[in-house]
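Below are the chains, spelled out letter by letter.
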Amino acid sequence: MANGQKIPANMTAIAISQPGGPKVLKPETRDVPVPGPGEVLIRVHAAGVNRPDVQQRKGAYPPPPGASDLPGLEAAGEIAALGDEISRWRIGDRVCALTPGGGYAEYVKVHAGSVLPIPAGFTYSEAAAVPENYFTVWHNVFERGGLKKGETLLVHGGSSGIGTTAIQLASAFGAYVITTAGSKEKCEACLKLGADRAINYREEDFVAAVKEATGGKGADVILDMVGGDYVARNYEAAAVEGRIVQIAVQAGAVASTNFATLMVKRLTHTGSTLRPRTVEFKAAIAAALETQVWPLLGTRKVAPVMDMIFPLTEAWRAHERMEEGEHIGKIVLDVG
Ligand SMILES: NC(=O)c1ccc[n+]([C@@H]2O[C@H](COP(=O)([O-])OP(=O)(O)OC[C@H]3O[C@@H](n4cnc5c(N)ncnc54)[C@H](OP(=O)(O)O)[C@@H]3O)[C@@H](O)[C@H]2O)c1
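Residues numbered from 1 in each chain as written. Predicted model: local features only at pLDDT ≥ 70, side-chain atom pairs only at ≥ 80, totals over all residues. Heavy atoms only, no water.

Naming follows an unreviewed UniProt entry, where the protein appears as NAD(P)H-quinone oxidoreductase of Mesorhizobium atlanticum.

Below, the structure written as structure tokens:
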């Protein structure tokens, strides 16, 4: 391992003391991780907060085998040490990374293939808000869903971290974007980000609204984080040959639907979870993002929507904010 700066033996990290509410997130002293072959150690300056962290805190989303038990799926900072077999990165490089866990800490180790340079002009907080959402949206909307220029994307939860990313990227790549959100304010924020139509799902039926907005055709790709009764409704809202990509099931993992609709429209219903995928798979997404999306971040054609920043030691407040559901875009931890 190559060290460029004095790395302490211990660090402050936020641990999940027991499954439960936000207050179970407690600062702890932990050993600084040691990067193995193919890994780098990052001195974290900012860490992104994601809904899966809330699920993990509640005990409903255990870390995959081998991952840190600490929460945190993304971070930004400087490379502090290099494991063996690292050629691209140097000590002191400003980077952001998708982490398999452990982002809520002063140091995190991560496979080099999950690391990207901080987009030009970005602060650490902005950079920490990028990886989890951009990796997820790129894979699910463009690779799995196959969204193409001129097609229509329906994205549910448009004001979420994932939703704000999907709206901007799909719009930047020439899609017509329809989104759903739970308030007038959230719908307005989605329109500002480039959505062509925002549906307040508490007041309007999204199936009818999508049909109306597409001249009866329906959406070519649907990115769904809701599940439950949305499954059957997504089938109705989809176009012939439509692709529905499931990335969460917040309203329920078990659903009843009409498979005749799937057959008649020749729909594809797929889904994925990012965290347990291999380092090779994540490296391939990172490479695609760096070529196709980093230039857009560098000119701020797309950029994370920043909601609020909390100090690392007040991570519980960040989770409270997320669970209140008032946020628009990303919540981030300032690690110092
Ligand atoms: N599969 C993967 O690889 C992967 C990776 C990352 C994230 N995710 C998932 O993606 C989702 C978004 O993550 P995030 O970090 O961006 O979270 P977030 O900012 O907290 O967003 C959650 C969103 O879900 C919407 N929502 C929740 N329940 C709903 C319901 N019953 N009906 C309609 N909308 C509902 C909320 O919309 P309103 O506030 O408008 O109601 C909110 O915008 C989470 O479910 C997360 O677990 C999946």
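Peer 1: Give me the pattern of salt bridges: which residues, what numbers.
Peer 2: All told, the structure shown has 17 salt bridges when counted by the stated rule. Residues Arg 57 and Glu 323 are paired through a salt bridge, measuring 2.9 Å at the closest nitrogen-oxygen approach. Residue Arg 57 is found in helix H1 (residues 51–57), and its partner Glu 323 is found in helix H11 (residues 315–324); the two are separated by 266 residues along the sequence. The buried category is assigned to Arg 57, whose relative accessible area is 1%. With a shortest N-O distance of 2.7 Å, Lys 330 and Glu 74 are connected by a salt bridge. Of this pair, Lys 330 sits in strand S16 (residues 330–334) while Glu 74 sits in strand S5 (residues 74–82); the two residues are 256 residues apart in sequence, bridging distant segments of the chain. For the pair Lys 330 and Glu 74, one class covers both residues: buried. One salt-bridge network, in which partners are shared between bridges, spans Glu 28, Arg 30 and Asp 69. (Salt bridge = Lys/Arg side-chain N within 4 Å of Asp/Glu carboxyl O. Helix = DSSP H or I, 4+ residues; strand = E, 2+ residues; numbered from the N terminus. Buried < 20%, exposed > 50% of the residue type's maximum accessible area, 1.4 Å probe, protein only.)

Peer 1: Provide a residue-level description of the domain arrangement of the protein, including the pertinent values.
Peer 2: Each assigned domain of the protein is listed here: domain 1 (10–131 + 277–334) and domain 2 (145–271). The straight-line distance from the C-alpha centre of domain 1 to that of domain 2 is 27 Å. Between domain 1 and domain 2, the contact holds 14 residues from the first and 13 residues from the second. Between domain 1 and domain 2 lies a buried interface of about 990 Å² when both sides are counted; carbon and sulfur atoms form 65% of it. Among the residues domain 1 hides against domain 2, the three largest losses belong to Val 302, Val 305 and Ile 328. Together they make up 40% of the total. At the junction of domain 1 with domain 2, the criterion picks out 0 salt bridges. The interface formed by domain 1 and domain 2 includes 3 residue pairs in polar contact (both at pLDDT 80 or more). A breakdown of the residues in the side of domain 1 that touches domain 2 according to their chemical character gives 6 nonpolar, 4 polar and 4 charged. (Domains from an automatic or database assignment. Contact = heavy atoms within 4.5 Å. Buried area = accessible area lost by both parts, 1.4 Å probe. Polar contact = N/O pair within 3.5 Å; in protein donor to acceptor, adjacent residues only side chain to side chain. Nonpolar A, V, L, I, M, F, W, Y, C, P; charged D, E, K, R; others polar.)

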